[in-house]
Amino acid sequence: MIFTRTLLRRHSVLPGFDLALGFALLYLSLIVLVPLSAAFLKTATLSWGQFLEATTTPRVLASYRLTFGASLLAAALNALFGLIVAWVLVRYDFPFKRLVDALVDLPFALPTAVAGIALTAIWAQNGWLGQWLPFQVSFTPLGVWVALVFIGLPFVVRTVQPVLEDVNQELEEAAATLGATRWQTFAKVVFPILSPALLTGFALAFARALGEYGSVIFIAGNMPMISEITPLIIISKLEQYDYAGATAVAVVMLGVSFALLLAINSLQAWARRRQGML
Amino acid sequence: MTASPPSSVRTVARHLLAVAALSLSFALPVQARDITLLNVSYDPTRELYVDFNRAFAAHWKARTGDSVTVKQSHGGSGKQARSVIDGLEADVVTLALAYDIDELAERAKLIPADWQKRLKHNSSPYTSTIVFLVRKGNPKGIRDWDDLVKPGVSVITPNPKTSGGARWNYLAAWGYALKKTGSEAKARNFVGALLKNVPVLDSGARGATTTFVERGIGDVLLAWENEALLALKELGPEKFDIVAPSLSILAEPPVTVIDKVVDKRGTRAVAQAYLEYLYSPEGQTIAAENYYRPIDPAVAAKFAKQYPKVTLFTIEDVFGGWTKAQKTHFADGGTFDQVFTRK
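Residues numbered from 1 in each chain as written. Chains lettered and ligands numbered in written order. Predicted model: local features only at pLDDT ≥ 70, side-chain atom pairs only at ≥ 80, totals over all residues. Heavy atoms only, no water.

As recorded by an unreviewed UniProt entry, chain B carries the name Sulfate ABC transporter substrate-binding protein and is attributed to Sphaerotilus microaerophilus. Under the UniProt heading Sequence similarities (unreviewed entry), the entry covering chain B gives this text: "Belongs to the prokaryotic sulfate-binding protein family." Per UniProt, chain B has the following entry under Subcellular location (unreviewed entry): "Periplasm". (UniProt positions renumbered as here; feature names shortened; annotations may be inferred.)

An unreviewed UniProt entry annotates chain A as Sulfate transport system permease protein CysT originating from Sphaerotilus microaerophilus. Looking at the Subcellular location (unreviewed entry) heading of the UniProt record, one finds this comment for chain A: "Cell membrane". In its Subunit (unreviewed entry) section, UniProt records this for chain A: "The complex is composed of two ATP-binding proteins (CysA), two transmembrane proteins (CysT and CysW) and a solute-binding protein (CysP)."

Following this line, the structure appears as structure tokens:
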């Protein structure tokens, strides 16, 4: 004990490490761990059989497919277009650039229900955009995906942007003088530097999409087996005063998303190591 | 210039003042109290209770001299009940379903199990029913429940899993089919066919109204009668018509005092009077003005023109009460899940 403490003290650069660590642990416990453990405790009132029954009915399984599928696809699209948006914001100058920059944060600030109602109105078959499309967006799984893309965009842009700003342009110039094409420069020089940030942005957008309720509920259509998201299943279990069943589904969601986030984090660590070797 | 009065005069004046103040305080009645009540209710009663609270405050002031401020909380009926179970200190609850109030007795032991017998008429001071809102001129010719299962008719209703109003819709359709065919199996097929015609299940009643009215989706909206009449008033009768089915359900939104809370806060008398005032001619008139059906025959007669003639059955008659209906139809694996997951 004393040994580790002296070891830590020797290695820490900042003063007050003990106090800061204690504070961080207490704070995280109060804000994150205690509420989460309440979910697990409620679930623990179920037997294993009841747990399986609550979390694996066809309706619940269909909702997992929709929620995880749409969230992954939305995060993927955001990774692609978020990168382009960040690139444009960092590398180019154009009129009203600050305004565009501020626009990116709007999905953060907007109450999610307002976003949901607005998106539904725009994409409904009599809406501004929906009326021009030959297929239906609002009230289908496609609508769910549209809403999740909307709320996830700022995560990618805001994690990639600062990294991109720090990329040393001399590296790119050096690549160019060595005869690299623009694409080679991007793929071999810029992208490896960006990829950890891009992965982080992807993970954040994905995690946010999983739990999203307000913006999705209006556009989803909420048809069982088709367009019912997992958070709605949880709400409808609560509506029957089935607290344990609701938390059971939540625990499954937490478990899967934690595993996925852990995988993404390891991928990120791997990318960083590889980048270090380069 | 003016010399101050001799000190003896000042003392006398001060005494006089003191005596005057003392006698004044005796002449006044006991200090009037300021009381606050919290009424936890469901979504579509917001306007009703704004009017009613004002009337009750005046009534209580005239009777006792005390000022009552009633705070209102609105939301989905089930969500509101859960808040009270989890500790929201409601003096009274006025919810959409007896089932939600039953849970306050069962789960949190806040009220006795026989709460519904404490006030007249199953503790429901006003009632409503389920009617159809259709587009102007009724292009699809919808007259009764049978028209809702025809192919090509699109029906909007919220999700019974998350909306109390939607449960009334579902049970109204089920009760109609059951009374008409006399067979449970046929009633299930009827409701299954009806749900096949539903393109969107909103999570709440107001959301379903928005989908129908603003997004232009659906040929018919299943709605509380008071919501339909309100929509007609707000949006103009030139856009929509109300169609009354031949048979529908008697929706009885119940009210009760929360014993544990009023005993703790010392507000039982006023909370009790608040709910009883709902049954008075004034309370009944306010309910009728907000398109609920009054149970007082005299007030009902006065507003009779407002309500279409519908034969009504009760949930007690057809389904054996809320707890049973909830278990058979809306619990996980119940008939609602069966007709939807069977593909």
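Further notes follow.
## Here's the deal with the interface of chain B and chain A
With 33 residues of chain B at the interface, the matching set in chain A holds 25 residues. A buried area of about 2400 Å², summed over both sides, lies between chain B and chain A, and 53% of it is on carbon and sulfur atoms. Counting the contacts that link chain B with chain A gives 12 residue pairs in polar contact (both at pLDDT 80 or more). Elements represented by at least two residues in the side of chain B that touches chain A include exactly α3 (77–85), α4 (98–106), α15 (322–330) and α16 (335–341) of chain B. Here the side of chain B that touches chain A gets 5 residues from one element, more than from any other, and that element is α3 of chain B. (Contact = heavy atoms within 4.5 Å. Buried area = accessible area lost by both parts, 1.4 Å probe. Polar contact = N/O pair within 3.5 Å; in protein donor to acceptor, adjacent residues only side chain to side chain. Helix = DSSP H or I, 4+ residues; strand = E, 2+ residues; numbered from the N terminus.)

## Quick word on the packing of aromatic side chains
All names here are of chain B. With the rule as written, the count across this model stands at 26 aromatic pairs over all chains. Taken together, a centroid distance of 6.4 Å and an interplanar angle of 35 degrees make the contact between W145 and Y176 tilted. With W145 in the loop between β4 (126–135) and β5 (155–156) and Y176 in helix α6 (residues 164–181), the pair connects residues that are 31 residues apart, well separated along the chain. The exposure class assigned to W145 is buried, which follows from its relative accessible area of 0%. One residue, R135, lies across the ring of F212, its end atom 4.1 Å from the ring centre. (Phe/Tyr/Trp six-rings, centres within 6.5 Å; stacked < 30°, edge-to-face > 60°. Buried < 20%, exposed > 50% of the residue type's maximum accessible area, 1.4 Å probe, protein only. Lys NZ or Arg CZ within 6 Å of the ring centre and 35° of its normal.)

## Points about the confidence of the model for chain B
The predicted structure's coordinates, where accompanied by low pLDDT, should not be read in detail. Residue and element names in this part refer to chain B. Taken over all residues, the pLDDT of chain B has a mean of 90, while the share at 70 or more is 90%. Overall, residues 1–5 carries pLDDT values under 50, and its contacts beyond four positions in sequence, including any with other chains, amount to 1 contact. Interface predicted TM-score (ipTM) for the complex: 0.77; the corresponding pTM is 0.82. (pLDDT = per-residue confidence, 0-100.)

## Brief notes about the confidence of the model for chain A
Mean pLDDT for chain A: 89, with 93% of residues reaching 70 or above. The least confident element of chain A is helix α1 (residues 2–11) of chain A, whose mean pLDDT is 53; the most confident is helix α4 (residues 58–91) of chain A, at 95.

## Focus: the UniProt feature "domain: ABC transmembrane type-1" (unreviewed entry) in chain A
UniProt's entry tags residues 64–264 of chain A with the feature "domain: ABC transmembrane type-1" (unreviewed entry), counted in the numbering of this structure. End C-alpha to end C-alpha, residues 64–264 of chain A measures 19 Å, and it is 77% helix and 0% strand.

## Structural notes on the sheet that holds strand β3 (residues 92–94) of chain B
Residues and elements named next belong to chain B. Read across the open sheet, the 4 strands follow the order β2-β1-β3-β9; overall the sheet is mixed. Strands at the two margins of the open sheet, each flanked by one partner only, are β2 (67–73) and β9 (255–257). Across the sheet, the axes of successive neighbouring strands diverge by a mean angle of 20 degrees, strand direction being ignored. Bridge count for β3 against β9 is 3 bridges, and the pairing is antiparallel. Each residue of the ladder has a partner; that of T94, found in β9, is V255. (Pairing = 2+ DSSP bridges. Axes fitted to C-alpha atoms, helices over the stretch in contact; angles between N-to-C directions.)

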